[in-house]
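Coordinate inspection notes
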Amino acid sequence: MQRNELCWCGSGKKYKKCHEEFDERIKEFKFDVFKGQTRPPKKIINNQEDIARIRAAGVINDGALDLAASLIKPGVDTASIDKAVQEFIESKGGYPSCLHYEGFPKSTCISINDVVCHGIPSQKTILKEGDIVNVDITTTLAGYYADASRMFMVGEVSAEAERLVKVTKECMERGIAAARPWHFLGDISAACGDYAHANGYSVVTDLGGHGVGKDFHLEPFVSHEGQAGTGMLLVPGMVLTVEPMINQGKKDVYIDSKDNWTVRTKDKKLSAQWEKTILITETGTEVLSS
Ligand code: MF3
Ligand code: CO
Ligand code: CO
């Protein structure tokens, strides 16, 4: 690309005033193939306008999660939470990205106890005292996506369930704290997984985080356990999710054949998950949805 041409990122600025230095830095980078270090593809680098749009989707998404939080209590069915969230997102001009995504029938994923993720809200699924519940919401606004989830404890829960929820949140926070520009994706994985393992838990590896922003699921796949210094180079403008699924027992999961969506632990023990959408900035990270 010529220095006076418009930059490939779509900013409308000249290349020399936009991503020229960035490209030079990547070009000079010594990728260690033995550590599986890879270059990020251009299509997952967001410009300032893209970022502003993902941020705006994130504001609605956070509001939807706040609404869900206010509705969690014993006796409530999960379809009613889903409906309220759908109406909220639509009232803000957004779209609940999960609805009809690859045939998913509802606007949110609500996953209780041994359900790892992708639980389908239902009038027949009633929250009860002692449950631990994940509500995972993604909002599309003007073609841009923000994706986050939180755990909730219904009434009083067992000490062991509460510990799982807290440790899982800390796994996510440590993963995010490890994310730095010009360092590697594996730093996030290692920080998440090491903390889970140190607490006696296992990490689900059949599913993971992902690039997000211009689409729902983009490169890279974000593993929640792994080795620091491995995988894709993290650069400013990348947006991804950190969403560890942490199990009380073994890591093994299966998809329930009753609906072909619900992911459960094989050993029926508890699983927890927290998710944020983060931006890699020049100096660290910015949370775009949580
Ligand atoms: N929000 C989930 C994620 O974190 C994806 C749910 S897809 C659905 O990536 F189809 F199950 F809704
Ligand atoms: Co999600
Ligand atoms: Co996600």
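Structure: above.
Residues numbered from 1 in each chain as written. Chains lettered and ligands numbered in written order. Predicted model: local features only at pLDDT ≥ 70, side-chain atom pairs only at ≥ 80, totals over all residues. Heavy atoms only, no water.

1. Here's the deal with the coordination of the cobalt ion (ligand 3)
The test is simple: Each metal's donors comprise the N, O and S atoms found within 2.8 Å of it (within 3.2 Å for Na, K or Ca). Water is not part of the atom list, so some coordination spheres may appear incomplete. Donor angles set the geometry label: tetrahedral for four donors if every angle is between 85 and 135 degrees, square planar for four and octahedral for six if opposite donors exceed 155 degrees and the others are between 65 and 115, irregular for anything else. Only DSSP runs of H or I reaching four residues or more are called helices, and only runs of E reaching two or more are called strands; each is numbered from the N terminus. The buried label applies to any residue whose accessible area, calculated with a 1.4 Å probe on protein chains only, is under 20% of its type's maximum; exposed applies above 50%, and partly exposed to all values in between.
For the cobalt ion (ligand 3), every protein donor is listed as Asp147 (OD), His210 (NE2), Glu243 (OE) and Glu275 (OE), and the spread of their distances is 2.0 to 2.2 Å. For the cobalt ion (ligand 3), the six donor atoms are set out with angles of 51 to 162° between them, so the coordination reads as irregular. Of note, the cobalt ion (ligand 3) draws all its donor residues from one chain, in the sequence arrangement D-x62-H-x32-E-x31-E. The distance between the cobalt ion (ligand 3) and the cobalt ion (ligand 2) is 3.3 Å, with Asp147 acting as a donor to both metals. One end of the pair, Asp147, is in strand 5 (residues 144-153); the other, Glu275, is in the loop between strand 13 (271-273) and strand 14 (276-280), and 128 residues separate them in sequence. Overall, Asp147 belongs to the buried group, its relative accessible area being 3%.

2. Concerning the nonpolar core
Applicable threshold: Put simply, buried Ala, Val, Leu, Ile, Met, Phe, Trp, Tyr and Cys residues joined by side-chain atoms within 4.5 Å make one nonpolar core. Working rule for contacts: check all heavy atoms of both residues, and any pair within 4.5 Å makes them a contact.
Ile132, Ile188, Leu234, Val235, Met238, Leu240 and Val242 are the most contacted members of the largest nonpolar core, which totals 38 residues. Only helix 1 (20-28), helix 4 (159-177), helix 5 (185-198), strand 9 (239-242) and strand 14 provide two or more residues apiece to this core. Among the elements that make up this core, the one with the highest residue count is helix 4 (seven residues). Beyond its immediate chain neighbours, meaning those up to four positions away, Leu234 contacts Ala179, Arg180, Pro181, Trp182, His183, Phe184, Leu185, Ile188, Leu240 and Ile280. Ala57, Ile72, Ile81 and Ile110 belong to the second-largest nonpolar core, a separate cluster that totals 21 residues.

3. A look at the packing of helix 2 (residues 48-71) against helix 3 (residues 78-91)
Our working rule: Fitted lines through C-alpha atoms give the axes, limited to the stretch in contact for helices. The angle between two N-to-C directions lies from 0 to 180 degrees. To sort the angles, those under 35 degrees are grouped as roughly parallel, those over 145 as roughly antiparallel, those from 65 to 115 as roughly perpendicular, and the leftovers as oblique. Each crossing is labelled by how the near helix is turned from the far one, with a counterclockwise turn of less than a right angle marking it left-handed and a clockwise turn marking it right-handed. Each residue gets one of three labels, nonpolar for Ala, Val, Leu, Ile, Met, Phe, Trp, Tyr, Cys and Pro, charged for Asp, Glu, Lys and Arg, and polar for the others, Gly among them.
Running from N to C, helix 2 and helix 3 cross one another at 150°; their axes reach a closest spacing of 9 Å. When the interaxial angle is binned, helix 2 and helix 3 end up roughly antiparallel. For the element pair helix 2 and helix 3, the recorded crossing hand is right-handed. Counted together, Ile60, Gly63, Ala64, Leu67, Ala68 and Leu71 of helix 2 and Ile81, Ala84, Val85, Phe88 and Ile89 of helix 3 form the full contact between these two elements. Looking at the contact of helix 2 with helix 3 residue by residue, the class counts come to 10 nonpolar, one polar and no charged.

4. Comments concerning the environment of Ser122
As for its placement among the helices and strands, Ser122 is situated in the loop between strand 3 (115-117) and strand 4 (132-141). The class for Ser122 is partly exposed, based on a relative accessible area of 21%. Once residues within four sequence positions are removed from consideration, Ser122 is found in contact with Asp77, Thr78 and Ala79.

5. Focus: the sheet that holds strand 11 (residues 253-255)
Under the convention used in this document: Here the rule is simple: two strands pair whenever DSSP picks up at least two bridges between them.
Taken together, the three strands give an open sheet; going across it, the order is 3-12-11, and neighbouring strands pair in antiparallel fashion. The outermost strands of the open sheet, each flanked by one partner alone, are strand 3 and strand 11. Mean inter-strand twist for the sheet, computed between neighbouring axes without regard to direction, equals 40°. As judged from the three bridges shared by strand 11 and strand 12 (residues 263-265), these two strands associate in the antiparallel manner. When the bridges of strand 12 are listed, Val253 appears paired with Thr265.

6. Details of helix 4
Our working rule: Expected span of a helix: the number of residues minus one, times 1.5 Å.
Here helix 4 contains 19 residues, and its C-alpha end-to-end distance of 27 Å stays within 8% of the 27 Å for a straight helix at 1.5 Å per residue. Among all positions in helix 4, only Ala161, Leu164, Val165, Val167, Thr168, Cys171, Met172, Gly175 and Ile176 are buried.

7. Observations concerning the site of ligand 1
To be explicit about the condition: Nearness is defined per residue: one heavy atom within 4 Å of the molecule or strand is enough. Nitrogen and oxygen atoms within 3.5 Å of one another constitute a polar contact, given that in protein one can donate a hydrogen and the other can accept it, and given that sequence-neighbouring residues count only through two side-chain atoms. Only the protein chains shown count as cover for residues, and the accessible areas themselves come from Shrake-Rupley with a 1.4 Å probe.
As a structural note, the neighbourhood of ligand 1 is formed by 14 residues, with Cys98, His210, His217, Glu243 and Glu275 the closest of them. Asp147 places a polar side-chain atom, nitrogen or oxygen, 3.1 Å from an oxygen atom of ligand 1. In the model, an oxygen atom of ligand 1 is placed 2.8 Å from a nitrogen or oxygen of the His217 side chain. Considering ligand 1 on its own, with 340 Å² of exposed area, one finds that the protein chains cover 96% of that surface.

8. Observations regarding the packing of helix 4 against helix 5
Contact geometry of helix 4 with helix 5 gives a least axis separation of 7 Å together with a crossing angle of 155°. Considered as vectors, helix 4 and helix 5 are oriented roughly antiparallel to each other. The element helix 4 and its partner helix 5 pack so that their crossing is right-handed. Here Val167, Glu170, Cys171, Met172, Arg174 and Gly175 of helix 4 come into contact with helix 5, specifically with Ile188, Ala191, Cys192, Tyr195 and Ala196. Along the lines of polarity and charge, the residues of the contact of helix 4 with helix 5 split into eight nonpolar, one polar and two charged.

9. Some points on the packing of aromatic side chains
Heads up, the rule is: Here a Phe, Tyr or Trp ring, Trp counted by its six-membered ring, pairs with any other such ring whose centre lies within 6.5 Å, and the pair is stacked when the planes are under 30 degrees apart, edge-to-face when over 60, and tilted otherwise. When the NZ atom of lysine or the CZ atom of arginine is within 6 Å of a ring's centre and also within 35 degrees of its normal, the charge is said to sit over that ring.
The full count for this structure, using the stated rule, is eight aromatic pairs. Geometrically, the ring pair formed by Phe22 and Trp182 is edge-to-face, given 5.8 Å between the ring centres and 65° between the ring planes. A residue pair is termed long-range when its members are at least 10 positions apart, and Phe22 in helix 1 and Trp182 in the loop between helix 4 and helix 5 qualify at 160 residues. Comparing Phe22 with Trp182 shows no difference in burial state: the two are buried. When the centroid spacing of 5.0 Å and the interplanar angle of 90° are considered together, the rings of Phe104 and Trp261 count as edge-to-face. Linking Phe104 in the loop between strand 1 (95-96) and strand 2 (109-112) with Trp261 in the loop between strand 11 and strand 12, this pair joins segments that are 157 residues apart in sequence. With a relative accessible area of 2%, Phe104 lands in the buried category. Exposure remark for Trp261: the relative accessible area of 17% places this residue in the buried category. A connected cluster of aromatic rings, assembled from ring pairs, spans Trp8, Phe22, Phe29, Phe31, Trp182 and Phe184. Lying over the aromatic face of Trp8, Lys42 brings its terminal NZ or CZ to 5.2 Å of the ring centre. Geometry around Trp274 places Lys169 over its ring, the cationic atom sitting 4.8 Å from the centre.

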